Amino acid sequence: MNTTLVIILLFIAFKLFSVLRRYLTTTPRQMSQQTISQVEELIKTKPVFVASKTYCPYCSATKKLINEIYPEAYILELDTMEEGSEIQDALAKITGQRTVPNVFINGKHIGGNSDLQSLGKEKIKKLIG
Ligand SMILES: N[C@@H](CCC(=O)N[C@@H](CS)C(=O)NCC(=O)O)C(=O)O
């Protein structure tokens, strides 16, 4: 009798733990106001700021084009940074864009790689100043 009760209780505890673990791991991270401010500061102070990921082909195309025009661009490789996901969340909150690359020129949000490419070199040069 006691053994059956212990088994039932263990089963219930295990189920509760599984549900709780699923809930905790799918709840979005709380992004700090500090991260949002840091990202806003980068957008404001860097002539060209690109949030990128090392394995992303769109990011490679963006970096290639930017490097031809403005090699001093400030590039963050989010997948190599501990706080990369939090920065990506902050960028999504600020711009509404979650994907990388996420490109800014003189504080202006340009968008992703297709947005940058469609501007063309001359327009990009003008925006950089
Ligand atoms: N149309 C976008 C495509 C960008 C895109 O799909 N990027 C992928 C990485 S290659 C992405 O951000 N995936 C979501 C993520 O990495 O969180 C552009 O031109 O920039």
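Summary of the structure given here. The shown structure was predicted, so the numbers you read here are calculated from the model rather than taken from an experiment.

Looking at the overall build of the protein chain
Okay, so step 1: Looking only at helices and strands, the protein chain features six helices and four strands.
Okay, so step 2: Going from N to C terminus, the protein chain has its helices and strands arranged as α-α-β-α-β-α-β-β-α-α.
Okay, so step 3: Taken over C-alpha atoms, the radius of gyration comes to 22 Å for the protein chain, far larger than the 14 Å a tight globule of 129 residues would show.
Okay, so step 4: Seen along its three principal axes, the alpha-carbon backbone of the protein chain occupies a region of about 80 × 30 × 20 Å.
Okay, so step 5: Burial statistics for the protein chain: of 129 residues in total, 23% are counted as buried.
Okay, so step 6: Excluding contacts between residues fewer than 6 apart, the proportion of contacts in the protein chain whose partners are at least 24 apart in sequence is 63%.

Remarks on the sheet that holds strand β4 (residues 108-111)
Okay, so step 1: Ordered by their spatial adjacency, four strands build an open sheet running β2-β1-β3-β4, and the pairing between neighbours is mixed. Edge positions in the open sheet fall to β2 (74-77) and β4, since each of these has one partner strand only. On average, each strand axis in the sheet is tilted by 20° relative to the strand beside it, whichever way the strands run.
Okay, so step 2: With three bridges joining them, strand β3 (residues 102-105) and β4 adopt antiparallel strand pairing. Bridge assignment links Val103 to a residue of β4, and that residue is Gly111.
Okay, so step 3: Helix α3 (residues 57-69) rests against β1 (48-52), β2 and β3 of the sheet, and its axis sits at about 160° to β1.

Re the site of the ligand
Okay, so step 1: The full set of residues close to the ligand is Lys53, Cys56, Pro57, Tyr58, Thr99, Val100, Pro101, Gly112, Asn113 and Ser114.
Okay, so step 2: Of the residues contributing to the shell around the ligand, the split by class is five nonpolar, four polar and one charged.

Describing unusual backbone geometry
Okay, so step 1: The omega torsion of the bond from Val100 to Pro101 falls at 0°, within 30 degrees of zero and hence cis.
Okay, so step 2: The topology assignment puts Pro101 in the loop between α4 (84-95) and β3.

Here we look at the nonpolar core
Okay, so step 1: Core analysis: the biggest nonpolar cluster contains 20 residues, and Val48, Val50, Ala51, Ile87, Val103 and Phe104 have the highest contact counts within it.
Okay, so step 2: When contributions to this core are tallied by element, the ones reaching two or more residues are α2 (33-45), β1, α3, α4 and β3.
Okay, so step 3: Broken down by element, the residue count for this core peaks at four residues, all from β1.

Topic: the pairing of β3
Okay, so step 1: Alternating residues of β3 divide into Asn102 and Phe104 and Val103 and Ile105, and every residue in both groups is buried.
Okay, so step 2: As paired strands, β1 and β3 are joined by four bridges and run antiparallel to one another. Within the sheet, the bridge partner assigned to Val50 lies in β3 and is Val103.

Observations regarding the environment of Lys125
Okay, so step 1: Turning to its location among the elements, Lys125 is positioned in helix α6 (residues 121-128).
Okay, so step 2: The spatial distance from the C-alpha of Lys125 to the C-alpha of Ile66 is 9.6 Å, given a sequence separation of 59 residues.

Cut-off values and rules
Residues numbered from 1 in each chain as written. Predicted model: local features only at pLDDT ≥ 70, side-chain atom pairs only at ≥ 80, totals over all residues. Helix = DSSP H or I, 4+ residues; strand = E, 2+ residues; numbered from the N terminus. Rg over C-alpha atoms; globule rule 2.2 N^0.38 Å. Buried ≥ 20, exposed ≤ 12 C-beta atoms within 10 Å, placed from the backbone. Contact = placed C-beta atoms within 7 Å. Pairing = 2+ DSSP bridges. Axes fitted to C-alpha atoms, helices over the stretch in contact; angles between N-to-C directions. Near = placed C-beta within 6 Å. Nonpolar A, V, L, I, M, F, W, Y, C, P; charged D, E, K, R; others polar. Core = buried A, V, L, I, M, F, W, Y, C linked by C-beta atoms within 7 Å.

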